[in-house]
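Listed below, chain by chain, are the residues.
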Amino acid sequence: MRILLHRADGRTEPWLKDFSKYLPEAEFEIWHAGEKSQPCDYAVVWSPPEAMLPELAQVKAIFNTGAGVDALLRFGDAIPREIPIIRLGDAGMGLQMAEYVTHAVLRYFRRFDDYERQARAGIWAALPPYNREDFAIGVLGLGALGMRVIEALAPFGFPLRGWSRTEKRIDGVQCYQGLDGLDTFLRGSRVLVCMLPLTPETNNLIDRSNLGKLPAGAYVINVARGAHIAEPELLSLIKSGHIAAATLDVFRNEPLPAQHPFWQEPRITITPHISALTLRRESVQQIADKIRSFESGQPVADIVDRNLGY
Ligand code: NDP
């Protein structure tokens, strides 16, 4: 079995080492621009360049070393539809998302952001605490990662809400679905957490109109993709005070350009797309198991639905 490996960062050695442990029967071919690769059975990629399409169009399946597949689906049918695209299912990202989002929610709920500002100004003053029952958390996207975040937040007793495409029943969570359920979901969510895949339906979903439906003083946490948010509209609603603050891990242009106005807005907390990093060992193990299932004709989890885009 031959596997074509592409790493945008060029750091292929540690991946090869882990694959030799978990999939010793495979031979690997490293993809290099301008060099012709030998025919391969599978490809393991993250955000491959367009120049890789001829090779991708010839494998039995493509394994994406991340949960979001927007960087692959942008090629449309240049990757033939009969070639399954298989994403990572959690693979250690759920726990990282749970840590990141729980930290951001508790930071806002306990007003640590306000206390950080006060401390910098040398102010010693207790602020009125927020009421837990007024601090409903609305999670957009109840998939592998969204559910992990919901589970992590549950012990804190905040009202929990979730929004998905299809109907869900989750103990202790008020569930909404589809565009019909979106307005009611937003109107009751004091904290909006975006954990959606980026698809034509979710692109720019968090725009002025939808942000305006959040209660005054709402918080926004985006750990999904930058294109979910209309950035200038979020900024203007933060400046107007309707949105109290935002924690953003993802942006339309990454790295976030030095001139971007978000850098100058103290109520926006910026992290460089680190909310859930791909964990190499867990990912290699999962991909190796899936390749074995694929080879033996067993069902494989996390095959992307090309029509839905996730
Ligand atoms: P899943 O595919 O498991 O879950 C996606 C969820 O979004 C599902 O609940 C789905 O609804 C819902 N959804 C999709 N489209 C719509 C829609 N049009 N309307 C309403 N709900 C919708 O994805 P994961 O949880 O594994 O990952 C989510 C995203 O997180 C990834 O796609 C990626 O963009 C992002 N991510 C970001 C990382 C980072 O470091 N910042 C790292 C990893 C992932 P339903 O259940 O009904 O199908």
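Here, residues in each chain are numbered from 1, in the same order as that chain's written sequence. Since the coordinates come from a predicted model, pLDDT governs what is reported: local features require at least 70, and pairs of side-chain atoms require 80 or more to be given and counted, while whole-chain, interface and lining totals use all residues. No hydrogens and no water enter the side-chain calculation; it runs on all heavy atoms of the structure.

## Details of the layout of surface pockets
Taken as a whole, the second largest pocket spans an internal volume of roughly 190 Å³. As for the second largest pocket, its lining consists of Asp70, Leu73, Arg74, Gly76, Asp77, Arg81, Leu198, Thr199, Pro200, Arg306 and Gly309. Gly falls in the polar group here, along with every residue not listed as nonpolar (Ala, Val, Leu, Ile, Met, Phe, Trp, Tyr, Cys, Pro) or charged (Asp, Glu, Lys, Arg). Across the lining of the second largest pocket, the residue classes tally to three nonpolar, three polar and five charged. The definitions used throughout rest on a 1 Å grid laid over the protein atoms alone, on which a cavity is an enclosed set of points accommodating a 1.4 Å probe that cannot get out and a pocket is an open set flanked by protein within 12 Å on both sides along at least five of seven lines; lining residues are those having an atom within 4 Å of a point. Grid points are joined across faces, edges and corners, and a volume is the space filled by probe spheres set on the points.

## Observations regarding the site of the ligand
The cutoff for a nearby residue is simple: one of its non-hydrogen atoms must lie within 4 Å of the molecule or strand. Residues in close proximity to the ligand total 30 residues, the closest being Arg87, Leu142, Thr166, Lys168 and Tyr310. Definition of a polar contact: a pair of N or O atoms within 3.5 Å, with one able to donate and the other able to accept a hydrogen when the atoms are protein atoms, and with sequence-neighbouring residues admitted only if both atoms are side-chain atoms. Arginine 87 is positioned with one of its side-chain polar atoms (N or O) 2.8 Å from an oxygen atom of the ligand. Here a nitrogen atom of the ligand sits 3.0 Å away from a polar atom, N or O, in the side chain of serine 275. Alone, the ligand offers 940 Å² of accessible surface; in the complex the protein occludes 92% of this. We count a stretch as a helix when DSSP gives it H or I for four or more residues in a row; a strand needs E for two or more, and each element gets its number in order from the N terminus. Mapped by element, the contributors of at least two residues to the shell around the ligand are helix H4 (93-109), helix H6 (144-153) and strand S7 (160-164). Residue contributions to the shell around the ligand peak at three residues, all from H6. Across the shell around the ligand, the residue classes break down as 15 nonpolar, nine polar and six charged. Using a 1.4 Å probe, accessible areas were evaluated by the Shrake-Rupley method; residue-level cover was limited to the displayed protein chains.

## Observations concerning the sheet that holds strand S12 (residues 268-270)
A pair of strands is considered paired only if DSSP assigns at least 2 bridges between the two. Spatial ordering of the open sheet is given by S8-S7-S6-S9-S10-S11-S12, a layout of seven strands whose pairing is parallel. Each of the sheet's edge strands pairs with one partner strand only, and the pair in question is strand S8 (173-177) and S12. Going across the sheet, the axis of each strand differs from the next one's by a mean of 15 degrees, ignoring polarity. Where strand S11 (residues 243-248) lies against S12, three bridges are found, and the strand directions are parallel. Residue pairing across strands places threonine 247 opposite threonine 269, the latter belonging to S12. Contacts: residue pairs with any heavy atoms within 4.5 Å of one another. Axis definition: a line fitted to C-alpha atoms, over the contacting stretch in the case of helices. Angles run 0 to 180 degrees between N-to-C directions. On top of the sheet, H6 reaches strand S6 (137-140), S7 and S8; it is set at about 165 degrees to S6, its chief contact. Across the sheet, helix H7 (residues 178-187) is in contact with S6, S7, S8 and strand S9 (191-194); its angle to S7 comes to roughly 155 degrees.

Limitation: the analysis is restricted to geometry and does not speak to function.
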